[in-house]
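Breakdown of the fold
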Amino acid sequence: MASVPSLVSLCLLVLSHACSAQLEQVTSQHGWTRVRGEQRRGEGYSLDECQFSRLSAREPDRRLTSEAGVTDVWDENDDQFRCAGAAALRHTIEERGLLLPAYTNAPKLVYVDQGQGYHGAAIPGCAETFQSQEESQQQQDPRQGFRDQHQKIRKVREGDVIALPAGVADWFYNDAQTPLVLVQIMDTSNPANQLDNNFRKFFLAGNPQQQIQGQRGQFSGQGFQSIFQGFDEQFLAEAFNVDTDLARRMKNENDNRGVIVRVEDRLQFLTPEFSEEERSEYQRGRPANGVEETFCSARLKQNINDPSRADVYNPRAGRITSVNSHNLPILRSLRLSAQKGHLYQNAIMAPHWNMNAHSICYFTRGTGRVQIVDENGRSVFDGEVREGQILTAPHNFAVVKRAGGEGLEWVAFKTNDQAKISQLAGRVSSMRAFPEEVIANSFQVSREEARRLKFNRDEVTLFSPGSRSQYRA
Amino acid sequence: MASVPSLVSLCLLVLSHACSAQLEQVTSQHGWTRVRGEQRRGEGYSLDECQFSRLSAREPDRRLTSEAGVTDVWDENDDQFRCAGAAALRHTIEERGLLLPAYTNAPKLVYVDQGQGYHGAAIPGCAETFQSQEESQQQQDPRQGFRDQHQKIRKVREGDVIALPAGVADWFYNDAQTPLVLVQIMDTSNPANQLDNNFRKFFLAGNPQQQIQGQRGQFSGQGFQSIFQGFDEQFLAEAFNVDTDLARRMKNENDNRGVIVRVEDRLQFLTPEFSEEERSEYQRGRPANGVEETFCSARLKQNINDPSRADVYNPRAGRITSVNSHNLPILRSLRLSAQKGHLYQNAIMAPHWNMNAHSICYFTRGTGRVQIVDENGRSVFDGEVREGQILTAPHNFAVVKRAGGEGLEWVAFKTNDQAKISQLAGRVSSMRAFPEEVIANSFQVSREEARRLKFNRDEVTLFSPGSRSQYRA
Amino acid sequence: MASVPSLVSLCLLVLSHACSAQLEQVTSQHGWTRVRGEQRRGEGYSLDECQFSRLSAREPDRRLTSEAGVTDVWDENDDQFRCAGAAALRHTIEERGLLLPAYTNAPKLVYVDQGQGYHGAAIPGCAETFQSQEESQQQQDPRQGFRDQHQKIRKVREGDVIALPAGVADWFYNDAQTPLVLVQIMDTSNPANQLDNNFRKFFLAGNPQQQIQGQRGQFSGQGFQSIFQGFDEQFLAEAFNVDTDLARRMKNENDNRGVIVRVEDRLQFLTPEFSEEERSEYQRGRPANGVEETFCSARLKQNINDPSRADVYNPRAGRITSVNSHNLPILRSLRLSAQKGHLYQNAIMAPHWNMNAHSICYFTRGTGRVQIVDENGRSVFDGEVREGQILTAPHNFAVVKRAGGEGLEWVAFKTNDQAKISQLAGRVSSMRAFPEEVIANSFQVSREEARRLKFNRDEVTLFSPGSRSQYRA
């Protein structure tokens, strides 16, 4: 399947590619060109679907309990998910919990909110490049010369964003003693989903029994099962070249463990360790240069919790870290990105609008106040938000956030791999871009007042609660 | 229509960009490949939406009056706009009128039908590179050392097409004594719009009071307001670091000026002038080579009225000038293009179909007759058109136009940045591409008659009324 | 937010483009990145449209009889076509039959199931590079110095896949004594179709009389006609510069021949022959390098029946040959590909899912059994298939096929130009990608049984009926 690009074409790519590619690249630095242009959202619904007059900050609507964890599900039918064309889940995986292998009809972003563990993805055409530790021990046993091989496994930890294309099967395992909490969104309106906008999860094993599939407008109670349950036993036996009994057992028909199962003996993986030099480079946040990688070794994750990687930092207001197709190239094909925000107590995030994306915001810590305004100047959300809630700012709607007394943290999933905001106040704002006279005449204020609107806030993106005017009339 | 790629660009292509990139580039010269492939239209509606049996040439359905101008709106619910997935407006801005800053959920093309003025766009991430003239005067005043800075401002004039991505706020100002008339289409079904297909305009100032938002099926009377009206005053005051009184006044709650306001004192801008050499290059229509530009200085406009830039010219029939992603690269990300047509009296534009776009045609001058035919061979439009009307030729429908006694001029907005037509008659036509015998057998005519169909019209695109056969049996 | 591109990254961009471009190129080798990312399907329908609980293998629903052949039409309203967003037809063209020139609102793939003939496409902007043989003979006749010229004509034969963009007019002619059978799908949900999802065919000649246009939910009986029938005779006469009588005859109003007409005297084309060296290169399946081509000479076809071109070959199980944008670059813009499968008697195609495409499968020979399973583990198809039927495997649904006693052959049209499958069993499977312990715990089987599931089948894609375990406990 996976044809390796010839050396020649690779060479040519590296040497040339000039002209239009350069402009295109430069424009795409600004995030509102090529990529956005290829997305299409909000389709397939009745015409007034995004005409909601009210948004709500929501906690999950439904909990599914498994043997070794729980899965919290947000109702896809809620306006904010329906309009953004996405679905959201939160898995809490206990110690020795294994989230069963499955693939979905939509690309997804997973944020590791707590804990640590392992992630494995089965990418067709890539070699089995890892040998399990178990196998090494077995080699000591002369009766057992068998070598297990499997594809790359990735260690994941709090703050990681993991990106996965549609149709790729993956699993998670919690090897630590604290829960592994995964918040994830599936972009069902992504062009990669060629089915309808329902979220579909295809399990490769287990007998999950409960409906976590999307079916807008309902969460029906019908049991669902792994794809193997739909196949004829004889057919399976023949395809896998095993006896019928084993083929039958692949169906897990009497399995009541749910989607997160407990591993009997701790899973053992061979996990390569950093050399000292490597660790140091890693800790310096060295970005991938994209040349050393082949597709099979493409990075699928990036940590956005590490303060040293902040993209915006204001010691009096907070920090913001983004992962997008510039620093995690796989996101280009997924057309998704994410932003981690830390807003210190009482600080304000600049009023702004999302130019080319919806922003599906999961609050990871603290409390705050958010206002969202539509094109008619109506406030569609004005209220408190807190840890564990999701609130979506629709494409182009105006937003302002202020942290409460404990600060406010969030991860915002954005439906564009180079999501971009336009700010209304501060040093990088549309107010600064307009001539003073345009502001004065538009707002019917004096020239001097226009200057204040334009220049009084000199911070960027994150505003300290007590910041003072830079310009005094 | 089919512009042959210049030797230079072909050379560059061969030298660099190699393999697949080269073919892709060459194919995209022909406009019916990559770009079209990324568009998706006519979605989100009931299945028979484009099954209209009749089109009409329409004048605006509704007029909104402002302090310093009027806005004429075409009904988005009309079949031609609904099917093309676009909305259309015409602003007439009087002397010293300022069209308030706003952004929309869709990319737009603006054609300057009359007059001249200024256009400012606030592009996030770009520096404030202009200093207003006002500011220079102020520097004389020792009490007032303040320097106003703002982003680039563009002078616009009759015949300009201005292209703007979704989510970018912009404003227009008429500095002349004659009205500035802007005809614009917003491509609401563009992938850049992640909301539903309604046209949404977010005003950054003012209190427009009247509904010009799209709401297919109605033009509701509910007042609408700038986005600042949805924000809490205290919140605004804090974000802008101004007092609450000024924050309240940003909301313009008692403002009855509408969307086009009159500037008290003439706006003064510093506008750089051409050097002699520059003007000469500009007048020669030197195309952008795409290398000298960074995103912040990307051209957003191109004049398509200038006869010296015509792409097709027939002194007995008229001329056609196109602006597309080859000569205005920003259009690549907008996936839109435009064509200006001048048809002299009684001349004919070749019967043709739009291969990869809808063509939303605004008639700027004169009268004429148009026929449009659907896939069932039914005439869905056969009638007179005149100045001020819009008539859309849906994707693939067959079209023929003839100018009346005064000639006919139009600007056609096309939903593809490399829109392409296929002609039925003339020197560059499908009739010429087919073997004579295929024509004879298809139409059940003699070989000699087939030759007449194929060769009797030797002009390209624009046919003179009195042209005579090139081939005689 | 607005990150200014660093000097370093700009430098890199100008010098090379390396980085993301390289990764992008590499990822697109794997077919589940960029291209899929640009597709969008299943939109515009009610929300539960792909919730079918049952698929069926269908023969055509309707037959239209023409003078020199028949056209079999599958009902677009059937779930599998509606969900995949495509339409299917089969033309059987008799000796001297000419399929009338027409264009469609969707890109299409044509598979030549039987016979041979000629294909002509009228590509705007390309020169008339062929001179018909007829014309050469005529040159002998001093009374007749006329030279007919037309665009390139392509010889087609059994096993060819012909790719054609939307909006390009083409025709087929059968010059042999055996029927020319063309199976074709039109990708109506392709972004290139800017109209609604109905299949529309615009005939340039004839008077087909019968409705073969798509109108989901019906095949209405209303007659339809060539586009010339919608135009005014006088207008046509003027545009073509012919007399009104000939213009009227272009409308073929009394033509009852249907869409496939019989040519009076055998059509004569000048068809260039291979030199010996060329033929040898052709037979070696030399892939286009993309540099030697200009758009006008772009290959539109590729043979996928030739055993020497097989991509997967197992002498005990069969072979698979694909045509995709790697070996037929025009497919990149069409976002379609095709696969020819030959499964020997009782052999099995590995259980798999289509990662990034629907697979619309036309069975060309033999019989077999197919199972298709949805995300709920329900079998939505489990039955026999045979020559002449179409069965669609929806995006992501799990599929397994086994040939009957005569073997099974098919051509699968895929809605992605780099369609990719993920296999569940065999040497290149997700089972191999997972660690043995993950399999053991997921399926609740022993380590030894997990090894059997993982390693017992060592073949790739195509499994021999009698293959035996590679690993024995």
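What you see is a predicted model; the values in this text were computed from it and never measured.

Secondary-structure assignment places Leu 195 of chain B in the loop between β12 (180–186) and β13 (201–203). Spatially, the C-alpha atoms of Leu 195 of chain B and Lys 454 of chain B are 48 Å apart, while their sequence positions differ by 259 residues.

Looking now at the UniProt feature "domain: Cupin type-1" (unreviewed entry) in chain A. Under the present numbering, the feature "domain: Cupin type-1" (unreviewed entry) in UniProt falls on residues 55–248 and 302–451 of chain A. In residues 302–451 of chain A, helix accounts for 15% and strand for 48%; the two terminal C-alpha atoms are 41 Å from one another.

Our focus in this paragraph is the environment of Asp 113 of chain A. Residues and elements named next belong to chain A. Along the chain, the position of Asp 113 falls in strand β5 (residues 108–114). Sequence spacing of Asp 113 and Pro 179 is 66 residues, and the spatial spacing of their C-alpha atoms is 9.8 Å. If we ignore the near neighbours within four places in the chain, the residues touching Asp 113 are Glu 158, Val 181, Val 183, Tyr 362 and Thr 364.

A few words on helix α11 (residues 436–443) of chain A. Residue and element names in this part refer to chain A. Counting buried residues in α11 gives eight out of eight residues, a clear majority hidden from the surface. Among all positions of α11, only Glu 436, Glu 437, Val 438, Ile 439, Ala 440, Asn 441, Ser 442 and Phe 443 are buried. The positive-phi residue at the C-terminal boundary of α11 is Gln 444, with phi of around 55 degrees.

All names here are of chain A. Burial of strand β18 (residues 337–343) is extensive: seven of the seven residues sit out of reach of the surface. Going residue by residue along β18, you find Ser 337, Gln 339, Gly 341 and Leu 343 tucked away on one face and Ala 338, Lys 340 and His 342 tucked away on the opposite face as well. The pairing of strand β17 (residues 318–323) with β18 spans six bridges and is antiparallel. In the strand pairing of β18, Thr 321 is matched with Lys 340. Alignment of β18 against strand β23 (residues 398–414), held across seven bridges, turns out to be antiparallel. Residue pairing across strands places Ser 337 opposite Lys 414, the latter belonging to β23.

Residue and element names in this part refer to chain B. This model, assessed by the stated rule, comprises 99 salt bridges over all chains. Two residues, Glu 459 and Arg 316, come together in a salt bridge whose shortest N-O distance is 3.3 Å. With Glu 459 in the loop between α12 (447–455) and β25 (462–463) and Arg 316 in the loop between β16 (312–314) and β17 (318–323), the pair connects residues that are 143 residues apart, well separated along the chain. We classify Glu 459 as buried; its relative accessible area is 9%. Here Arg 427 makes a salt bridge to Asp 458, at a shortest N to O gap of 3.9 Å. Separated by 31 residues along the polypeptide, Arg 427 in the loop between β24 (421–423) and α10 (430–433) and Asp 458 in the loop between α12 and β25 bring together distant segments of the chain.

This paragraph deals with the side chain of Ser 359 of chain C. For Ser 359 of chain C, the location among the structural elements is in strand β20 (residues 359–373). Residues within four places of Ser 359 of chain C in sequence aside, it is in contact with Asn 354, Leu 391, Thr 392, Ala 393, Ala 412, Phe 413 and Lys 414 of chain C.

Residue and element names in this part refer to chain C. Between helix α11 (residues 436–443) and helix α12 (residues 447–455), the least distance of the axes is 8 Å, while the angle of their chain directions is 110 degrees. When the axis of α11 is compared with that of α12, the two are roughly perpendicular. Of α12, the residues touching α11 (which contributes Glu 436, Glu 437, Ile 439, Ala 440 and Phe 443) are Arg 447, Ala 450, Arg 451, Leu 453 and Lys 454. Taken together, the residues that form the contact of α11 with α12 break down as five nonpolar, no polar and five charged.

This part covers the sheet that holds strand β2 (residues 69–73) of chain A. Residue and element names in this part refer to chain A. With respect to topology, seven strands assemble into an open sheet ordered β1-β2-β3-β12-β5-β10-β15, the strand pairing being antiparallel. Looking at strand neighbours, the two that pair on one side only are β1 (62–66) and β15 (301–303), the edges of this open sheet. Strand-to-strand, the axes of this sheet are offset by a mean angle of 20 degrees, without reference to chain direction. The pairing of β5 with strand β12 (residues 180–186) spans six bridges and is antiparallel. Across the sheet, Tyr 111 pairs through a bridge with Val 183, a residue of β12.

Reading the values: rules and limits
Residues numbered from 1 in each chain as written. Chains lettered and ligands numbered in written order. Predicted model: local features only at pLDDT ≥ 70, side-chain atom pairs only at ≥ 80, totals over all residues. Heavy atoms only, no water. Helix = DSSP H or I, 4+ residues; strand = E, 2+ residues; numbered from the N terminus. UniProt positions renumbered as here; feature names shortened; annotations may be inferred. Contact = heavy atoms within 4.5 Å. Buried < 20%, exposed > 50% of the residue type's maximum accessible area, 1.4 Å probe, protein only. Pairing = 2+ DSSP bridges. Salt bridge = Lys/Arg side-chain N within 4 Å of Asp/Glu carboxyl O. Axes fitted to C-alpha atoms, helices over the stretch in contact; angles between N-to-C directions. Parallel < 35°, antiparallel > 145°, perpendicular 65-115°, else oblique. Nonpolar A, V, L, I, M, F, W, Y, C, P; charged D, E, K, R; others polar.

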